[in-house]
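Here's the letter readout for the chains.
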Amino acid sequence: MTGMADSGAAEQLSQIIRGSWISQVVGTLAQLGIADHLARGPQQSGILAEAIGCDADATFRLLRAAVNIGLVSRLPDGRFGLTPMGELLRSDIPGSLRDSAIAFTTPGHWLPWGRLAEVVRRGERQTVAALGHELFDYYTMNPGEGGAFTGAMANVSNAIASELAQVLDTSGVNHVVDIGGASGTIVAALLEANSALRGTILERADVVPRAEAALAERGLSPRCRAIAGDFFESVPEADLYVLKSILHDWGDRQSVTILRNCARALRPNGRVVLIERLIPEHGDPGAAALVDINMLVLLPGRERNASQFVELLRASGLRLDRISELASSLALIETSSAA
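Remember, predicted model here, so these are calculated numbers, not experimental data. (Residues numbered from 1 in each chain as written. Predicted model: local features only at pLDDT ≥ 70, side-chain atom pairs only at ≥ 80, totals over all residues. Heavy atoms only, no water.)

Asks: Where do I start with the overall build of the protein in this structure?
Replies: A count of helical and extended segments in the protein gives 17 helices and nine strands. In terms of overall dimensions, the protein is globule-like: its C-alpha atoms have a radius of gyration of 22 Å, near the 20 Å expected for 339 residues. Dimensions of the protein, computed from the C-alpha atoms along their principal axes, are close to 70 × 60 × 35 Å. Among the 339 residues that make up the protein, the fraction classed as buried is 46%. Counting only contacts in the protein whose residues sit at least 6 apart along the sequence, the fraction spanning at least 24 positions is 64%. Carbon and sulfur atoms form 53% of the exposed surface of the protein, whose accessible area is close to 16800 Å². (Helix = DSSP H or I, 4+ residues; strand = E, 2+ residues; numbered from the N terminus. Rg over C-alpha atoms; globule rule 2.2 N^0.38 Å. Buried < 20%, exposed > 50% of the residue type's maximum accessible area, 1.4 Å probe, protein only. Contact = heavy atoms within 4.5 Å. Areas by Shrake-Rupley, 256 points an atom, 1.4 Å probe, with all protein chains shown as cover.)

Right, here's the structure in full:
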């Protein structure tokens, strides 16, 4: 009936509006390491509060809210335990989402997102206004958050690393450089699939120690190094460059600078491989539309369609060879020198 709210739609929208509350409950559980404590077995809230150094009443109320959203269960004797979904907030399991929960609910992401309306009014991101610094500079100065962000990106890479190692031909490749490779998940998978391959991770100085530790843990230090550098200035010479979710952080001019540096240092018959979301030329962009808003809020970048990537490549002295869809909803964009 005209003028009367649909009760089902109103309840659904109310749940969406309160989504920020749920995100903060999840992020707080992650920050306080509650899942790691409960992984040892169900606990009374007061005992847990003492172990994590928090207020007893507030901890009880947090856990009760976590029960409501399915992360924690409450036993008949009053103790709290982890649910299967809550297990994903542990720090010591494969596929953990703890770093993502922290990165997306702490100030580096949270404060700029609070200024979305201003972003849309001005057409300008509000990262500096919210944080006082550009995002990656902020992370350098706040290593706890920066480490969580790096871990979150590594989790995304974990989801596609083995598939990429299967579909990306590295035969005849001597040296691969993972540009902005975080903990080196991608390059590690390529090296493990090809024992003749050597690798380099190019990252910010504050990320290099984490990358070195990850390489050492996988026994790859003799064949792969992590170095600090600025991909806007130069990149090491290589037969293959891998850039996963790098260009979507940057505007067209900055992306062309990165790609030109790759084209300039590329060895003969080498390739530059991009792993990015593709906005379809027509039709529903799906989750890519929300990722694009994240770029609008935080960074000068955007999600792009295939034609837009072709334009970037053309301006950089590269040519598109092929695009392959990956199971993770990302695309593998293989390019080579246009010369």
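Asks: What should I look at first to understand the environment of Leu-190 in this one?
Replies: Position of Leu-190 among the secondary structure elements: in helix H13 (residues 185–193). The spatial distance from the C-alpha of Leu-190 to the C-alpha of Ala-331 is 17 Å, given a sequence separation of 141 residues. Apart from the residues within four sequence positions on either side, Leu-190 is in contact with Leu-164, Ala-165, Leu-168, Thr-170, Val-176, Leu-197 and Val-242.

Asks: What should I look at first to understand the pairing of strand S6 (residues 238–244) in this one?
Replies: In the case of a regular strand, side chains alternate between the two sheet surfaces. The element S6 is extensively covered by neighbouring structure, given that seven of its seven residues are classed as buried. Pairing of strand S3 (residues 175–179) with S6, which is carried by three bridges, proceeds in the parallel orientation. Residue pairing in the sheet places Val-176 in a bridge with Leu-240 of S6. Here S6 pairs with strand S7 (residues 266–276) via six bridges, running parallel. Looking at S7, one finds that Leu-243 is bridged to Leu-274. For the handedness criterion, the β-α-β arrangement of S6, helix H15 (residues 252–265) and S7 is classed as right-handed. (Pairing = 2+ DSSP bridges. Right-handed = clockwise from strand over helix to strand, strands pointing away.)

Asks: Please clarify how the side chain of Glu-276 should be interpreted in this entry.
Replies: Considering the arrangement of structural elements, one finds Glu-276 in strand S7. This buried residue, Glu-276, is left without a salt bridge; Arg-304 holds the nearest opposite charge, at 6.0 Å. (Lys, Arg positive; Asp, Glu negative; His and termini not counted. Salt bridge = Lys/Arg side-chain N within 4 Å of Asp/Glu carboxyl O.)

Asks: Quick question: what am I supposed to make of helix H12 (residues 143–167) here?
Replies: Side chains of residues three or four places apart in an α-helix project in the same direction, reflecting 3.6 residues per turn. Relative to the 36 Å expected for 25 residues at 1.5 Å per residue, H12 spans 35 Å between its end C-alpha atoms, a close match to the ideal helical length. Approximately 45° is the largest bend angle found in H12, and it occurs at Ile-160. (Expected span 1.5 Å × (residues − 1). Bend = angle between axes of the 7 residues up to and from the residue.)

Asks: What's the story with the layout of surface pockets in this structure? I'm lost.
Replies: Where empty space is left becomes clear once a probe the size of a water molecule has been rolled over the atoms. Considered as a void within the structure, the largest pocket measures approximately 1100 Å³ in volume. Mapped by element, the contributors of at least two residues to the lining of the largest pocket are helix H8 (107–113), helix H11 (135–141), H12, S3, H13, strand S4 (198–203) and helix H16 (288–298). In terms of residue count, H12 provides more of the lining of the largest pocket than any other element does, seven residues in total. One number sums up the size of the second largest pocket: a volume of about 730 Å³. (1 Å grid on protein atoms, 1.4 Å probe; cavity = no way out; pocket = protein on both sides within 12 Å on 5 of 7 lines; lining within 4 Å. Points joined across faces, edges and corners; volume = space filled by probe spheres on them.)

Asks: Help me understand the packing of aromatic side chains, please; the structure alone is not making it clear to me.
Replies: Centre distance and the angle of the planes are the two values used to describe a pair of aromatic rings. Here the structure, examined in full by the defined rule, presents eight aromatic pairs. Relative to Phe-149, the ring of Tyr-139 has its centre 5.0 Å away and its plane inclined at 25°; by these criteria the two rings are stacked. Of the two residues, Tyr-139 sits in helix H11 while Phe-149 sits in helix H12, which places them 10 residues apart along the sequence. Accessibility expressed as a relative area gives 1% for Tyr-139, which makes it buried. By relative accessible area, which is 12% here, Phe-149 ends up buried. (Phe/Tyr/Trp six-rings, centres within 6.5 Å; stacked < 30°, edge-to-face > 60°.)

Asks: Sorry if this is basic, but what is going on with the packing of helix H2 (residues 19–31) against helix H5 (residues 56–68) here?
Replies: Packed helices, taken two at a time, are described by the angle their axes make and the gap between the axes. Where H2 contacts H5, the axes come no closer than 10 Å and their chain directions differ by 120°. Considering their axes alone, H2 and H5 lie oblique with respect to each other. At the point where H2 passes H5, the crossing takes the left-handed sense. Seen from H2, the contacting residues are Val-25, Thr-28 and Leu-29; seen from H5, they are Leu-62, Ala-65 and Ala-66. Here the contact of H2 with H5 is composed, by residue class, of five nonpolar, one polar and no charged. (Axes fitted to C-alpha atoms, helices over the stretch in contact; angles between N-to-C directions. Parallel < 35°, antiparallel > 145°, perpendicular 65-115°, else oblique. Left-handed = near helix turned anticlockwise from the far one by under 90°. Nonpolar A, V, L, I, M, F, W, Y, C, P; charged D, E, K, R; others polar.)

Asks: Would you mind showing me how to read the packing of helix H4 (residues 45–52) against H5 here?
Replies: Running from amino to carboxyl end, H4 crosses H5 at an angle of 115°, the nearest separation of the two axes being 8 Å. The angle between H4 and H5 places the two elements in the roughly perpendicular class. Where H4 crosses over H5, the handedness of that crossing is right-handed. Here Ser-45, Leu-48, Ala-49 and Ile-52 of H4 lie close against H5, whose contacting residues are Ala-56, Thr-59, Phe-60 and Leu-63. When grouped by side-chain class, the residues that make up the contact of H4 with H5 number six nonpolar, two polar and no charged.

Asks: Please explain the environment of Ile-93 as it appears in this structure.
Replies: With respect to the element layout, Ile-93 can be found in the loop between helix H6 (84–87) and helix H7 (98–103). Note on Ile-93: relative accessible area 22%, which makes it partly exposed. Each C-alpha atom, one on Ile-93 and one on Leu-220, is 21 Å from the other, the two residues being 127 residues apart in sequence. Discounting chain neighbours no more than four positions away, the residues touching Ile-93 are Glu-87 and Leu-88.

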